[in-house]
Amino acid sequence: MLYIGPLRVLLLVLFFLFIGKKVFRYPLPDDRINFFVRKWLKYGTFMFVSVFILHQLGFYDLFTVLLIIVLLVVAHILGIKFRDIFAISERSNVLLLYWVNLLEKKYLGTYEVKPKKKIQIIKGEYMFLINILLVSGVLFYFLSNDLFTSTFLWNDDLLKIRLFNSQKWFVEGMVEMGDFPFISIYAKLTGLTNELALKTFGVVELIILAVVICWFTYRVTNRSHILATLAMLSLVGLFLYAPIHTGYLTAHNSIYLSLSFALPLMVFAMEQKKELVYHRLFWFRMPVIFLTLFFINLHVYIVILPVFFVSLALFKKSKKGTLRFLGAYALSLTIGFIYIYLVADWNYFMAYIRTNLIAVNTYTYPETIKYNWSDYINWYLYIGLFFNALLFITFKKKNVDTKVLVFNSFMVFVFLLFKVNTYFIDKDVLTIIVRIFMPATVVSALYAVYSNVLGFTFLQKLRTSTVASLLCISVFLGLCFNYQKDKIHNIVKPDNYANTVLEAYNKILMNNLPYSYMLVNDSEHFILNSDSHFLMNYNEFTHNYAEKDSIYNKYKTKQKVLKKHPEYVLPNSIYVFKYDDYGKNNSDDRISNIKEIKENSRENTAIDSVLNILRKRGRTVKVYYKENNISVYEIENISNSSNVIDLMFQ
């Protein structure tokens, strides 16, 4: 159940690739890594902007967003440019001409059948697919040990998603929406409940970020598959050196999503290719991507990106390209501030800046790593300064690629930010960014030293070797397991209480018509999805339900009486949650546990009493779901009238 969402996203991506290649004959480039990252940047930005505009207009729903995305994908596959839409002579003929040209080639003898290439399971450009499977496997393991679900922060995030779905972009206090628009779309596209989408979206974010990290290292190290593989696997493999609790590794975080947009921008700014920098749509594309970053995570936008631009301005020889990127950044910053100021007054504007520079929901646990985190930062800083000195000397003497120098200088500046004590620099955000960037920093520095500083060339052929890549993966995973096996074995398995509740809710919500049923549960779970059903707490159920049942069944056939007294009308089905044992609030305090056991025992006794009364009256009461310490009973007031399958085949 927990893996359905990420797997459905993967199947959706494969579906669009199949449609493009088989139906529209859209050729995939040989450089698959570059292809996927560029498409993520393009369609991810377009998705966010579309949701933002539709949300402001009050038109946000799944059908509208999906329609826009499908039209954009089809237009891209068919090669329809933006200018073709407004070309009067081509507007109505572009699709017709495409199919006529294809039919002529096929049936008039001009169609060339290309010889089929042998399928190679493993090839240099496909190595990142193997890495994705490995990263996904590790993340799914940590997802099964998740501690974030049902915490206070999780409940608060779930409330934000519900508010977002209710056409509210900013919640109380002008808190940024971050990655919640993507979580909302993810839930709608995959058919998951908001609860399951919130629980599993962190896995999707980390997989996307891992692919972007792989691509980033691949570009910085001049297409080295081995180093890109090491950087990608280090993101999830070296959890012993990650300053975060293993139970929160898969929790969603807007920093992950913002960095998946920021890293491609950094590469484009470091490379400054003419076809991008001087493209006629540069002043439209770049500000839009920067604006997406502005609304996802303000701290990354205002604190981290300026540090990168300082490093870029110091060491990049081409100043014109750097100024164009700085201009796009400044333009998007101005537009973002103007928007915030227009939707609120000056006080709220300043509150928005102050609130979102400090990431309240971002947390780290440096105590979980093997050594002192401050010592880590100091050692990284000293080593970074040493590497940068070597690179700078080489940079002065030789005409070498400056990407590694710019990026490593940027990381040195980030380490220096730990030494700055000011309210608008969140050390937790810096810690997460260092954890993500550190593998790419180390491997890129090593590459620059042996390639540019020392001038070694004997490793050039091995950097794209499939055998060498597989060997590196095997050695790296073996070392990770060997040095971290004690911590792996000592991971405390959480009880499956939260997962079981979510699975039960998901089964009910997915199989029943909206507002045809009622859930009976304790008050602490009322925050779970209530947009499609009625709710009743335990006190109401144990004290009043038997009386309501008696009145409702007595006048069930008398519609006029029920219209006058709608308070006695019951839904077609009632689902009663019963918690065997006391798993809800298992505390370390023995006295609290004893009180919890007694209270839970009284609740269960009262629930059983009501269910027995209903059985004696001839009502249909059956066990709908039972797992671990949770049982869900279904009371059918009108048989075969709530479940979708029953309605289809009755």
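Rules used throughout
- Residues numbered from 1 in each chain as written.
- Predicted model: local features only at pLDDT ≥ 70, side-chain atom pairs only at ≥ 80, totals over all residues.
- Heavy atoms only, no water.
- Core = buried A, V, L, I, M, F, W, Y, C linked by side-chain atoms within 4.5 Å.
- Buried < 20%, exposed > 50% of the residue type's maximum accessible area, 1.4 Å probe, protein only.
- Helix = DSSP H or I, 4+ residues; strand = E, 2+ residues; numbered from the N terminus.
- Contact = heavy atoms within 4.5 Å.
- Pairing = 2+ DSSP bridges.
- Salt bridge = Lys/Arg side-chain N within 4 Å of Asp/Glu carboxyl O.

Enquirer: Describe in detail the nonpolar core, supporting the description with residues and values.
Expert: Within soluble globular proteins, side chains that are nonpolar generally end up buried alongside one another. Ranked by size, the top nonpolar core spans 142 residues in total, and within it Phe216, Phe290, Phe295, Phe410 and Phe437 carry the most contacts. With 18 residues, helix 9 (residues 194-220) is the largest single contributor of residues to this core. Among residues more than four places away in sequence, those in contact with Phe410 are Met266, Ile304, Val307, Phe308, Ser311 and Phe437.

Enquirer: If you had to explain the pairing of strand 1 (residues 517-520) to someone new, which residues and values would you point to?
Expert: As a general feature of sheets, a regular strand has side chains that alternate between the two faces. A two-sided burial pattern is seen for strand 1, the buried positions comprising Tyr517 and Leu519 on one face and Met518 and Val520 on the other. By the bridge criterion, four bridges tie strand 1 to strand 3 (residues 573-579) in an arrangement that is parallel. Bridge assignment links Tyr517 to a residue of strand 3, and that residue is Ser573. Bridge count between strand 1 and strand 2 (residues 534-536): three bridges; the pairing is parallel. What sits directly across from Met518, in strand 2, is Phe534.

Enquirer: Break down unusual backbone geometry for me, with residues and values.
Expert: We note that Gln272 has phi near 50°; this positive angle belongs to a residue other than glycine. For Gln272, the position within the fold is in the loop between helix 11 (254-271) and helix 12 (274-277). Note on Gln272: relative accessible area 10%, which makes it buried. Not every positive phi belongs to a glycine, and Tyr515 is a case in point at roughly 55°. Within the secondary structure, Tyr515 sits in the loop between helix 21 (497-511) and strand 1.

Enquirer: An account of the pattern of salt bridges is requested, with residue identities and associated values reported.
Expert: Applying the stated criterion across every chain, the model contains nine salt bridges. With a shortest N-O distance of 2.6 Å, Arg219 and Glu271 are connected by a salt bridge. Residue Arg219 is located in helix 9, and its partner Glu271 is located in helix 11; the two are separated by 52 residues in the primary sequence. This pair shows no difference in class: Arg219 is buried, exactly as Glu271 is. Notably, a salt bridge pairs Glu540 with Lys548, separated by 3.3 Å at the nearest N-O pair. For Glu540, a relative accessible area of 25% translates into the label partly exposed.

From the geometry alone we can't say anything about function, so treat these as descriptive.
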